[in-house]
Amino acid sequence: MLTYLLRRFVLALLVIFTVLTISFALTRLSGDIAVAIAGPAASAEDVAVIRKTYGFDRPLPVQFVEWVRSAASGDLGRSYLYREPVSELIRDRLPVTLKLGFAALMVALLVAIPLGIVAAMREGSLVDRGVMLVALVGQAMPGFWLALLLIIQFGLRLQWLPIAGAEDWTGFVLPAIVLAFSAIPALMRLTRSGMIDALSSDYVRTARAKGLSRASIVMKHALRNAAMPVVAVSAVQLGALLGGSVVIEAVFALHGVGFLAWESISKNDFPVVQAVVLFLAVIYIALTLIADLFNAVLDPRLRAA
Amino acid sequence: MDCAICWGPRVTPEPVLEVRDLRIRFGGVVDAVRGVSLDVRGGETHCLVGESGCGKSVTALAIMGLLGRGAVRSSARLAFRGTEMAGLSEREMAKLRGDKIAMIFQEPMTSLNPAFTIGSQMAEVFERHRGGGRRVALDRAAGLLGRVGVSAPGLRLAQYPHQLSGGLRQRVMIAMALMCDPELLIADEPTTALDVTVQAQILRLLVELQRDLGLAILLITHDLGVVARVAHRVSVMYAGEVVESAPATDLFAAPSHPYTRALLACVPVPGVVRRDQPLGSIPGTVPRMEPGFTGCAFRARCRYAMEVCADDVPLRLQGPDHRYLCQLVV
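1. A few points about the packing of helix 3 (residues 118–130) of chain B against helix 6 (residues 166–177) of chain B
Residue and element names in this part refer to chain B.
Reasoning step 1: At a minimum axis separation of 9 Å, helix 3 and helix 6 run at an interaxial angle of 25°. Here helix 6 runs roughly parallel to helix 3, going by the angle between their axes. Crossing handedness for the pair helix 3 and helix 6: right-handed. Counting all contacts with helix 3, which are made through Ile118, Gln121, Met122 and Val125, the residues of helix 6 involved are Val172, Ala175 and Met176.
Reasoning step 2: Along the lines of polarity and charge, the residues of the contact of helix 3 with helix 6 split into 6 nonpolar, 1 polar and no charged.

Right under this line is the structure:
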């Protein structure tokens, strides 16, 4: 198992390097940054000064090595807009994004797992088809559109919940639900198919032959085996939720990392864009690693290998 | 029978399990079991023999009340210790299963849950039916593992199924089946998936356990070699029917149904088939029976088939306790 984890770790490092390259390349490809920073009114001299100050006049490979080296030491550069180190900007906004991501994951699991179990227990029934329809709709519906629907209904008509900002926990309810919706279909399908496999397995037949209660057969013997991939995928999903919060944070005006990314993209604050992309990618990769670890802990067969 | 591991008859008269006219239909289109009747007495091993697809495993699952959705069961009588089981609710059936009636399966590799330790899986059946603490259950589990020939029982309790070989897992399944002192053990091809040497060990173990515990065993197998070694009574199944039923000695001495005879000709049973006889085979496979079928189901593969075989088949007596379904009088 140690070699397995070591291999995953080396792989993760390679992926991070790839992300570094891509985020660097994308920001350089989107036009002349110095011109963008200087703004439309700037003279050619101003642009030249900016180019020199920020080091854009150096060859690209040099700039890249510089970016990788400083990123590795935790220095993600300074925001042109806020005149602050990017790492501090991210640190200030991270709690909001983490709260939103975890809340969304909780909502997603609380909806997806019970529905997946029920659908599996009545495979082919109306209940099953209804659940699968919800999954389909959830997958097809864009998050921002669902967000607007919920804002209109619960924020404006019923006035139950705030539609923007996060003064207290109520501000997280709608965005968490919207964000959860993107994770629910995958988690539910996974739970359902895992439970269908488990419920038709030989060991569940044994459990039934032992006269165990229905609750024990479904919630213990079947779910324990069906849950392994679900746990692994929910760690990965959390990464996707944190990354996917860009749109939702913008819609609900939650000042998290996603909002920061949206803001910096629209204002050409490219060190921030670059850093946020890298940061979210690293979180995603770390969560995937954690998912592998989870799997090893849950599955005794992997633990031994 | 002259066989080293057979025992003298210690068979009690009243049946532990009575099955009369058991019928199972799948999805309204396939008749998997068509009127099976059999008794299993205390201390007796009743072997249900037949080819793949003849309905023997489905019969066992039906007795346990473990048929899946889409299967419809009916019976004139399905009684355990004189109590009719057909009317019992799922909850009442679950109380019998694992307690008074235990079952082991063909696939020892997959029949244990990979996510739980041997100890936890063995203990839970005892806790479910007998209550008591986990400590008591685990002590009993360790004792039974030792009884079924598993080395280092204390260590095994903490192990997971993937750490054990197929033979060991089948021993664990047997020990788990014995946790609540069942009266009836249904064994569905318990040795089929195992190595030949391990097969013999497991069979010997079942015979010993029966002798010591007075178990009634319904053993499902396709292997006449197994039947010859352990059976007191044999029911031969074909296409969902018991075509011949007799005490094991009578069946091997005087097989009466053409299918039984053909089946016996296919296998070298020690002491029954002679070395100079070539081994036979039965061409074709067991047909899928659809509702409304009449006559003998074996007639398409039978060398004695006559026109009259398309009519209803009479049940003939070949001795006081030896019956077969055929137009032929032997």
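2. Focus on helix 1 (residues 2–29) of chain A
Residues and elements named next belong to chain A.
Reasoning step 1: An ideal rise of 1.5 Å per residue puts 40 Å on 28 residues; helix 1 measures up with 41 Å between its terminal C-alpha atoms.
Reasoning step 2: Among the residues making up helix 1, those that are buried are Ala12, Val19, Leu20, Ser23, Phe24, Thr27 and Arg28.
Reasoning step 3: Of the surrounding secondary structure, the elements contacted by the buried residues of helix 1 are helix 2 (33–38), helix 4 (60–72) and helix 12 (270–298).

3. Some thoughts on the side chain of A:Ser245
Residue and element names in this part refer to chain A.
Reasoning step 1: As for its position among the elements, Ser245 is in helix 10 (residues 214–252).
Reasoning step 2: Take Ser245: its relative accessible area is 0%, and that puts it in the buried class.
Reasoning step 3: Ignoring any residue separated from it by four or fewer positions in sequence, one finds Ser245 in contact with Thr97, Leu100, Leu179, Ala250 and Gly258.

4. Overview of the interface of chain B and chain A
Reasoning step 1: Tallying the contact residues gives 30 residues for chain B and 23 residues for chain A.
Reasoning step 2: Taken together, the two surfaces of chain B and chain A that pack against each other cover about 2200 Å², and 53% of this comes from carbon and sulfur.
Reasoning step 3: For the pair chain B and chain A, the number of links is 3 salt bridges.
Reasoning step 4: Close ionic contact of B:Glu124 with A:Lys210 constitutes a salt bridge, the shortest N to O distance being 2.9 Å.
Reasoning step 5: Counting across the interface, chain B meets chain A through 14 residue pairs in polar contact (both at pLDDT 80 or more).
Reasoning step 6: Mapped onto the side of chain B that touches chain A, the elements with two or more residues apiece are helix 1 (56–64), strand 7 (101–104), helix 3 and helix 6 of chain B.
Reasoning step 7: When residues of the side of chain B that touches chain A are assigned to their parent elements, the largest contribution, 6 residues, is made by helix 3 of chain B.
Reasoning step 8: For the side of chain B that touches chain A, the residue count by class is 16 nonpolar, 9 polar and 5 charged.

5. Some remarks on the domain arrangement of chain B
All names here are of chain B.
Reasoning step 1: By the assigned domains, chain B splits into domain 1 (4–100 + 182–287) and domain 2 (113–178).
Reasoning step 2: Computed from C-alpha coordinates alone, the two centres of domain 1 and domain 2 are separated by 26 Å.
Reasoning step 3: With 20 residues of domain 1 at the interface, the matching set in domain 2 holds 13 residues.
Reasoning step 4: Roughly 1300 Å² is buried in total at the junction of domain 1 and domain 2, and carbon and sulfur atoms are behind 62% of that figure.
Reasoning step 5: Summed over the shared surface of domain 1 and domain 2, the number is 2 salt bridges.
Reasoning step 6: Between Asp99 and Arg130 there is a salt bridge; the shortest N-O distance is 2.6 Å.
Reasoning step 7: Viewed at the interface, domain 2 and domain 1 are joined by 6 residue pairs in polar contact (both at pLDDT 80 or more).
Reasoning step 8: Listed by contribution, the elements that provide at least two residues to the side of domain 1 that touches domain 2 are helix 2 (90–96) and helix 7 (196–213).
Reasoning step 9: The biggest single contributor to the side of domain 1 that touches domain 2 is helix 7, with 9 residues.
Reasoning step 10: Its residues assigned to classes, the side of domain 1 that touches domain 2 comprises 12 nonpolar, 2 polar and 6 charged.

Criteria and cut-off values
Residues numbered from 1 in each chain as written. Chains lettered and ligands numbered in written order. Predicted model: local features only at pLDDT ≥ 70, side-chain atom pairs only at ≥ 80, totals over all residues. Heavy atoms only, no water. Axes fitted to C-alpha atoms, helices over the stretch in contact; angles between N-to-C directions. Helix = DSSP H or I, 4+ residues; strand = E, 2+ residues; numbered from the N terminus. Parallel < 35°, antiparallel > 145°, perpendicular 65-115°, else oblique. Left-handed = near helix turned anticlockwise from the far one by under 90°. Contact = heavy atoms within 4.5 Å. Nonpolar A, V, L, I, M, F, W, Y, C, P; charged D, E, K, R; others polar. Expected span 1.5 Å × (residues − 1). Buried < 20%, exposed > 50% of the residue type's maximum accessible area, 1.4 Å probe, protein only. Buried area = accessible area lost by both parts, 1.4 Å probe. Salt bridge = Lys/Arg side-chain N within 4 Å of Asp/Glu carboxyl O. Polar contact = N/O pair within 3.5 Å; in protein donor to acceptor, adjacent residues only side chain to side chain. Domains from an automatic or database assignment.

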